[in-house]
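The lines below spell out each chain.
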Amino acid sequence: MSILHTPSDAGATGLTAEIYQENLRSLGHVPSQTKVAALNPEAYRAWESLVHAISTSLGPRRYELVVLAAAKAAG
């Protein structure tokens, strides 16, 4: 059980609802990490923008390689 209370798919409103709908369209469900991140939807959008800016300049293959290398280094 989580100590964070996230809105259900049907109970989300505003920007959080938009984020949920994007995940529903692209993935068919709303992952737990999206529900937690969407507790602060403005920060979630800023994170998406940062990831997009970085991944666009690197290309998808190199971006994934960098993410995997960073995850491995972080343990």
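Criteria and cut-off values
Residues numbered from 1 in each chain as written. Predicted model: local features only at pLDDT ≥ 70, side-chain atom pairs only at ≥ 80, totals over all residues. Heavy atoms only, no water. Helix = DSSP H or I, 4+ residues; strand = E, 2+ residues; numbered from the N terminus. Core = buried A, V, L, I, M, F, W, Y, C linked by side-chain atoms within 4.5 Å. Buried < 20%, exposed > 50% of the residue type's maximum accessible area, 1.4 Å probe, protein only.

Enquirer: Break down the environment of Gly-75 for me, with residues and values.
Expert: With respect to the helices and strands, Gly-75 occurs in the segment after helix 4 (60–74). C-alpha separation for the pair Gly-75 and Leu-24, spaced 51 residues apart in sequence, amounts to 31 Å.

Enquirer: Outline the nonpolar core, listing residues and values.
Expert: Ranked by size, the top nonpolar core spans seven residues in total: Ala-12, Ala-17, Ile-19, Tyr-20, Val-30, Ala-38 and Tyr-44. Per element, the largest residue contribution to this core is three residues, and it comes from helix 1 (residues 14–27).

Enquirer: Explain the environment of Leu-65 to me, using residue names and the numbers behind them.
Expert: Among the secondary structure elements, Leu-65 is positioned in helix 4. Residue Leu-65 is classed as exposed on the basis of its relative accessible area, which comes to 57%. In the structure, Leu-65 is positioned 24 residues away from Pro-41 in sequence and 27 Å away in space, judged by C-alpha atoms.

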